[in-house]
Amino acid sequence: MTGENRWRWPGGAGTLTAMDIAVMPYESTDEAALDEAYRVVAAAQAVDLPDLPVGDRAEFGLLVAHPPHGNVIHQALARRDGEVAGHLRMRLPQLENTGIATVELTVDPARRRRGVGRALLAYARKVAAEHGRERLIGETPGPLPGGPGREAPGAAFAAAAGAQAALAEVRRRLDTTRLDPAALTALHNAARTRAAGYRTVAWRGPVAEEYVVDIARLESRLLVDAPMGDLAIEAEQVDAARLREIERIQRLRGRRRYHVGAVHEATGRMVAWTMIDRGPSTPWHAWQEITIVDPAHRGHRLGLLVKVENLRHALAHEPGLAAIDTWNAAVNDHMISINEQLGFRPVDAWTDWQLTI
């Protein structure tokens, strides 16, 4: 899964009945509700994942105002004794994967283990069923040997709710302040010697019209090529029009996106592509998003080539960039090898959960 949507289960099953906690939806234009939602999400992130940026309140508002293309977003606040204690965000795909809903359940750390997570999950089940969904999908972080201490109450909550662990992932971080330019150059040169017949193209923002069909095709391959474990997720069918809409939404969200693609010179087709994404309020941090190579063009080290060049590309435009995070399926040995050659190091483990409604 990519950096944009990290859907999490909360920690701490509670004992209060539904009568003690009210869960109510809110509209994306309700600024007071958004203030409360941001407060809960920021407080939880500071406790659970303090090294990951939550962004500022303005960025949070942009994410809500401009939902992902082809999705309905449902949001709700949980109040206990009249005070906001939890937040729910559900994504209901409309184009593919119409049998699932992805969920982020967040409980205020000061109000955990009082039934808020349980109430939010019961509400999410109800909403999902009303929309004809069969499964909920969420994600939880946990510790890795030698990594920072990470409590894993979310995993216990998900398991207690009857969810099944469907995919193991690992988050890795690149500390760009410790990059070795000589080592990066050696990697680039080694990749370039294997990439005869290919040239690279770098860009920011929207892809050039001559490559939009190729990028849409590569985007569509992501869930086909990446290991997905037991997750019951369909590949997205991305065409040029859909890609342009995705780009428009990211632009409205204030995202800065850096790309490098590899073009097969004999055909003029772009056959490999990688992208780094930065939010509007965290100049020190970015997400390493998609990296994909067309199966017919593998074996030329194109993945490593485009990633090295895009890292340089992003750093040239973002001098304050100090950390880049990425997620890989734990069994994706090839991409993990590339990332570790670049200097990415494991931080924590993540589990994707699947719950049948």
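Cut-off values and rules
The residue count restarts for each chain, going from 1 along the sequence in the order it is written. Reporting in this predicted model follows two pLDDT cut-offs: at least 70 for local features of residues, and 80 or more for side-chain atom pairs to be given and counted; totals over whole chains, interfaces and linings ignore these cut-offs and use all residues. To get the side-chain values, all heavy atoms of the structure are used, and hydrogens and water are removed first. UniProt positions are given in the numbering used here, feature names are shortened, and annotations may be inferred rather than shown by experiment. Helix and strand definitions here come from DSSP, where helices need a minimum of 4 consecutive H or I residues and strands a minimum of 2 consecutive E residues; each element is numbered from the N-terminal end. Any two rings among Phe, Tyr and Trp, with Trp reduced to its six-membered ring, count as a pair given centres within 6.5 Å; such a pair is stacked if its planes are under 30 degrees apart, edge-to-face if over 60, and tilted if neither. Exposed residues in this analysis have more than 50% of their type's maximum accessible area, buried residues have under 20%, and partly exposed residues fall in between, with area computed by a 1.4 Å probe over protein chains only. In these notes, a set of buried Ala, Val, Leu, Ile, Met, Phe, Trp, Tyr and Cys residues joined through side-chain atoms within 4.5 Å is what counts as a nonpolar core. The contact definition used throughout considers only heavy atoms, calling two residues in contact when any of these lie within 4.5 Å. In this analysis a 1.4 Å probe is tested at points of a 1 Å grid over the protein atoms alone, and where it fits but cannot get out there is a cavity; an open set with protein on both sides within 12 Å along at least five of seven lines is a pocket; lining residues have an atom within 4 Å of a point. Grid points are joined across faces, edges and corners, and a volume is the space filled by probe spheres set on the points. Throughout this entry, Asp, Glu, Lys and Arg are counted as charged residues, while Ala, Val, Leu, Ile, Met, Phe, Trp, Tyr, Cys and Pro are counted as nonpolar. The remaining residues, Gly among them, count as polar. Following DSSP output, two strands are said to pair if at least two bridges run between them. Orient the strands so they point away from the viewer, and a crossover whose first-strand-to-second-strand path over the helix runs clockwise is right-handed.

**Q** Tell me about the UniProt feature "domain: N-acetyltransferase" (unreviewed entry) in the protein, residues and numbers included.
**A** According to UniProt, the positions carrying the feature "domain: N-acetyltransferase" (unreviewed entry) are residues 24-224. Helix and strand shares over residues 24-224 are 38% and 29% respectively, and the end C-alpha atoms of the span are 37 Å apart.

**Q** Tell me about the packing of aromatic side chains, residues and numbers included.
**A** The final tally for this structure, using the stated rule, is three aromatic pairs. On the basis of an interplanar angle of 80° and a centroid distance of 5.4 Å, the ring pair of W327 and W350 is categorised as edge-to-face. With W327 in strand β11 (residues 323-329) and W350 in strand β12 (residues 345-356), this residue pair connects regions lying 23 residues apart in the sequence. Pair check on accessibility: W327 and W350 agree, each one buried.

**Q** Explain the nonpolar core residue by residue, including any values.
**A** Grouped together as the largest cluster of nonpolar side chains are 27 residues, with contacts concentrated most on A272, L302, L304, V308, I324 and L342. Elements supplying a minimum of two residues to this core: α5 (181-193), β8 (256-264), β9 (269-278), β10 (285-293), α8 (302-317) and α9 (333-342). Residues contacting L342, with those up to four places away along its chain left out, are L174, L179, L184, L187, L304, K307 and V308. Judged by nonpolar contacts, the second largest core, of 26 residues, contains A78, A85, V116 and L355.

**Q** Would you mind going over empty space enclosed by the protein in detail, with residue names and values included?
**A** Per the counting criterion, the structure on display carries two cavities of 30 Å³ or more. Considered as a void within the structure, the second largest cavity measures approximately 40 Å³ in volume. Lining the second largest cavity, in full, are L174, I276, Q288, K307, L311, I324, L342 and F344. By residue class, the composition of the lining of the second largest cavity is six nonpolar, one polar and one charged.

**Q** How would you sum up the pairing of strand β5 (residues 135-142)? Please name residues and give values.
**A** Burial analysis of β5 places eight of its eight residues in the buried class, the great majority of the element. As judged from the three bridges shared by strand β4 (residues 100-107) and β5, these two strands associate in the parallel manner. Residue pairing for β5: I100 is matched across the bridge by R135. One crossover worth recording links β4 to the parallel β5 by way of helix α3 (residues 116-130), and it is right-handed. As judged from the eight bridges shared by β5 and β12, these two strands associate in the antiparallel manner. If you follow E139 over to β12, its bridge partner there is D352.

**Q** Describe unusual backbone geometry, with residues and values.
**A** Here D81, not a glycine, exhibits a phi torsion of approximately 55°, which is positive. Positionally, D81 belongs in the loop between β2 (71-80) and β3 (83-93). The exposure class assigned to D81 is exposed, which follows from its relative accessible area of 63%. The backbone of R301 shows a phi angle near 60°, a positive value even though the residue is not glycine. Summarising the element assignment, R301 is placed in the loop between β10 and α8. Looking at R301, the relative accessible area reads 30%, which means it is partly exposed.

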